[in-house]
Every structure is written in C-alpha cells, then in structure tokens.
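Letter by letter, the chains look like this.
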Amino acid sequence: MTEHPPKRAGFVAILGAPNAGKSTLLNQIVGRKLSIVTPKVQTTRTRIRGVRIEGEAQLVLVDTPGIFQPRRRLDRAMVDKAWGEAAEADAVVLLIDATRGLDDDATRILDGLKSSGRKAVVAINKVDAVARATLLPIAKAIDESGVAAAVFMISALTGDGVEDLVRDLVKRLPESEWLFPEDQLSDITERFLAAEIVREQLFLKLGRELPYAATVETERFLEQKDGSARIEATIIVQKDSQKPIVLGHQGSKIKEIGQAARVELEAELERRVHLFLFVKVRKGWDEEPSRFRDMGLDFPQ
Ligand SMILES: Nc1nc2c(ncn2[C@@H]2O[C@H](COP(=O)(O)OP(=O)(O)O)[C@@H](O)[C@H]2O)c(=O)[nH]1
Ligand SMILES: [Mg+2]
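The rules we used
Residues numbered from 1 in each chain as written. Chains lettered and ligands numbered in written order. Predicted model: local features only at pLDDT ≥ 70, side-chain atom pairs only at ≥ 80, totals over all residues. Heavy atoms only, no water. Helix = DSSP H or I, 4+ residues; strand = E, 2+ residues; numbered from the N terminus. Rg over C-alpha atoms; globule rule 2.2 N^0.38 Å. Buried < 20%, exposed > 50% of the residue type's maximum accessible area, 1.4 Å probe, protein only. Contact = heavy atoms within 4.5 Å. Areas by Shrake-Rupley, 256 points an atom, 1.4 Å probe, with all protein chains shown as cover. Lys, Arg positive; Asp, Glu negative; His and termini not counted. Charge placed at Lys NZ, Arg CZ, Asp CG, Glu CD. Phe/Tyr/Trp six-rings, centres within 6.5 Å; stacked < 30°, edge-to-face > 60°. Core = buried A, V, L, I, M, F, W, Y, C linked by side-chain atoms within 4.5 Å. Domains from an automatic or database assignment. Salt bridge = Lys/Arg side-chain N within 4 Å of Asp/Glu carboxyl O. Near = heavy atom within 4 Å. Polar contact = N/O pair within 3.5 Å; in protein donor to acceptor, adjacent residues only side chain to side chain. Nonpolar A, V, L, I, M, F, W, Y, C, P; charged D, E, K, R; others polar. Donors = N, O, S within 2.8 Å, 3.2 Å for Na, K, Ca; no water. Pairing = 2+ DSSP bridges. Axes fitted to C-alpha atoms, helices over the stretch in contact; angles between N-to-C directions.

In terms of regular secondary structure, the chain is built from 9 helices and 9 strands. Computed over C-alpha atoms, the radius of gyration of the chain comes to 20 Å, within 12% of the 19 Å expected from 2.2 N^0.38 for 301 residues, which places it in the range of a compact globule. Taken along its principal axes, the extent of the C-alpha atoms in the chain is 60 × 50 × 40 Å. Burial statistics for the chain: of 301 residues in total, 52% are counted as buried. Long-range pairs, those at least 24 residues apart, make up 71% of the contacts in the chain between residues at least 6 apart in sequence. Accessible surface, the chain: about 14300 Å² in total, of which carbon and sulfur atoms supply 49%. One way to put it: in the chain the 45 positive side-chain charges average out to a point 6 Å from where the 46 negative ones average out.

Here you go:
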C-alpha cells in the first residue's frame, strides 16, 4: 500500500502598499485573471480569493486592497479589510515594490505586522524593473526588521521567482481537508468579475480622479440560447458633472469602455458577450452602508 502525504490547505493573505503588484501576483499564481490590474493605486477594493493546487496542498490566496494612510471612509474600509484578512489567514505574504523600496507605506505595514507580532513571508517584487544592486539594501532592511520569516525576490509580472515562493508557502499550510471543491478556482462570481472588468476600463480610459468616484454593478447576467451572455452593468458616479465625462462626446467614451471591457470579458468568460452599459448618478454612494456591503466591505463608523 502506498502512503499518501497528508492533505494541506489554508489561506495566505497578500498584503502590500497600493500598486505593489498584489493582484498581479494572485493572477500569476492561480494562472487566471481573477483580480483587475491597473497602473493606478487603489484599484482592488475588496478581498478576492484564488485557489492554487500543488500536489496534496490547496493554497487559497487572498488578494487585498492596498494599505496606505486612509482619508475617505471608503479608504478606511478597504484598509480595515486588508488587515482583517491578514489576521484571519494562516500565512501572510508582504509584497514590497522594489521600484519604491521601503517608503512610508511599506514601513507602515512592516510596523503594523511587528506590533501584531505577526511574521510574514516577504516578496520583493518587480525585480525585472530595477537594477540588482538596489535589491540588496532593501533585503537587508527587511531582514533587520525582524518581521520576515523568509525573503524572496520575484517578478509577479514575468513569473520570475514566483514558483519558489509558492513552494515555500505550501510548506506553511496546516494539515487540513481542502477548503474549496477541487475544480473551484475562486470565490468570485461571473457577475462580480463583469463589474470589475468594466471598472478596470474606467481606470484605464478615464482621467485621474473619476475612477475613484465610480463603482460598477452588474444588473443582469443572462445566458442566451446561442451560448452567449447578455450582461447589463451600471456605472455609478457621485455627481451630475461626472456623467458626461463617462459618456464622452456623443457617447464615444462609454462606447470605448464598453468595447474594451467586452473583449476582455469574452476572453475571461470563454463565450461571446453582449455588454450594455448605463451611467447613473447617485450622490454620496460612497457613504452608503449598503453599497459597502455590496462591495464586500464593512462600513466603518
Ligand atoms: N515591471 C513590473 N510591473 C509590475 C509587476 N507586478 C505588477 N506590476 C505593475 O504594477 C502595477 C500595479 O499592479 P497591481 O497588481 O494592480 O498592484 P496592486 O495594487 O498591489 O494590486 C500594474 O501596472 C502592474 O502591471 C512586476 O513584477 N514587474
Ligand atoms: Mg490590486
């Protein structure tokens, strides 16, 4: 009779400053786009889980919003969410952006981990974008912080070093039955992914401020007889003056957003998509407890 190694499973929260590459890392490890990625900060608003199976182990990665000094209520809810996920996880990966080094945001997270007595596996990310010589002082400072259980140098974008990190994380998982069915890759729904992919295009196609004032909700997601999906989504903005910006001249902007989102959605959902976008003004949506709940966040008082 052959002995099987025991099953392992657990949650690993990915923490880091805005833009460190957390969502890119989740997507790289899972091998699918689950979490949207943009060059702008604070793209990810809630927890997104992705599953990676490695032999007998089921690694559940938890992408979190970036940790920074919050100003708005929504910011505070996102930062609270990230710390909450870290507290509940079996292990934490702290992602450091090598192009920024140990700046204020990164230092604040290191301090937060230290005061909670929590160790983290530290991954210095974006090694493809910096000279090797800049990495050593960063690694040294992290080592001296006493927070690192291990330090890795990776590129979440190219995948360089990522498999070594995965092997290390798997070893840290407790013996446990698996937490998700074998064929399940994530806990996000197609409705959520549709709204997120539209929101990603707002970040990519609109100016600096507007994406932060907007949220997107999937109103309908209908499977058609011909195998395609009909998706209706509403872009919610805060002020009347923002609506024409999203629409663009003669609707040219929203058309551009819709086309790009549709192409992306067809690739991710692996079927044809008919996407219909609407724009609605909802003053103060970012102060409504129910909107926070829909986004998977608690409403901070
Ligand atoms: N050069 C380089 N860019 C990266 C890497 N990882 C992420 N990025 C870029 O950094 C930006 C922020 O990435 P994202 O995953 O959204 O960061 P998050 O805010 O931490 O989730 C995007 O433009 C990514 O393409 C990396 O390893 N190398
Ligand atoms: Mg993100």
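On to the packing of aromatic side chains. Evaluated as defined, the whole model comprises 2 aromatic pairs. Aromatic side chains Phe203 and Tyr212 sit 5.3 Å apart centroid to centroid with 90° between the ring planes, which places their arrangement in the edge-to-face category. Exposure remark for Tyr212: the relative accessible area of 15% places this residue in the buried category.

Counting residues in each nonpolar core, the largest one holds 55 residues, and the members touching the most others are Leu25, Ile231 and Ile235. Of the residues forming this core, the biggest block, 6 residues, is contributed by helix 6 (residues 190-205). The two domains that each donate at least three residues to this core are domain 1 (8-171) and domain 2 (190-294). Beyond its immediate chain neighbours, meaning those up to four positions away, Leu25 contacts Ile14, Leu95, Ile154, Ala156, Val162 and Leu165. Of all hydrophobic cores here, the second largest spans 34 residues; its members include Ala77, Ile96, Ala106 and Met295.

On inspection of all chains with the given rule, the structure shows 30 salt bridges. With its nearest N and O atoms 4.0 Å apart, the salt bridge here joins Arg32 to Glu268. Remark: Glu268 occurs in helix 8 (residues 252-269) and Arg32 occurs in the loop between helix 1 (22-30) and strand 2 (48-54); sequence separation between them is 236 residues. A relative accessible area of 14% means that Glu268 is categorised as buried. Between Glu200 and Lys33 there is a salt bridge, and its shortest N-O distance comes to 2.7 Å. Of this pair, Glu200 sits in helix 6 while Lys33 sits in the loop between helix 1 and strand 2, and the two are 167 residues apart along the sequence. The same class applies to Glu200 and to Lys33, which are both buried.

By nearness alone, 17 residues border ligand 1, and Asn19, Gly21, Lys22, Thr24 and Asp128 come closest of all. For ligand 1, an oxygen atom lies 2.9 Å from a polar atom in the backbone of Gly21. Take Lys126: an N or O atom from its side chain is 3.1 Å from an oxygen atom of ligand 1. Within the complex, the protein chains bury 86% of what would otherwise be the 580 Å² of accessible surface of ligand 1. Tallying contributions element by element places helix 1 first for the shell around ligand 1, with 3 residues. The residue inventory of the shell around ligand 1, partitioned by class, reads 6 nonpolar, 8 polar and 3 charged.

Here we take up the side chain of Asp63. For Asp63, the position within the fold is in strand 3 (residues 57-63). Here Asp63 sits buried without a salt bridge, and the closest side chain of opposite charge, Lys22, lies 5.8 Å off (N-O distance). One polar contact links Asp63 to Ser23, side chain to side chain, over a distance of 2.6 Å. Side-chain polar atoms of Asp63 contact the side chain of Ser35, separated by 2.6 Å. Ignoring any residue separated from it by four or fewer positions in sequence, one finds Asp63 in contact with Lys22, Ser23, Leu26, Ser35, Thr44, Thr46, Arg47 and Ile48.

Along the chain, Glu88 falls in helix 2 (residues 73-88). It is 33 Å that separates the C-alpha atoms of Glu88 and Ala233, two residues lying 145 residues apart in sequence.

This brings us to the coordination of the magnesium ion (ligand 2). Donor atoms from the polypeptide that bind the magnesium ion (ligand 2) are Ser23 (OG) and Thr44 (OG1), placed at 2.0 to 2.2 Å. Here Ser23, found in helix 1, pairs with Thr44, found in the loop between helix 1 and strand 2; they are 21 residues apart in sequence, far enough to count as distant. With respect to class, Ser23 is no different from Thr44; both count as buried.

What the 6 strands build is an open sheet, ordered 2-3-1-4-5-6; its pairing is mixed. The open sheet terminates on both sides in strands that have one partner only, identified here as strand 2 and strand 6 (148-153). With direction set aside, neighbouring strand axes in the sheet form an average angle of 25°. Where strand 4 (residues 91-97) lies against strand 5 (residues 120-125), 5 bridges are found, and the strand directions are parallel. Bridge pairing in strand 5 links Ile96 to Ile124.

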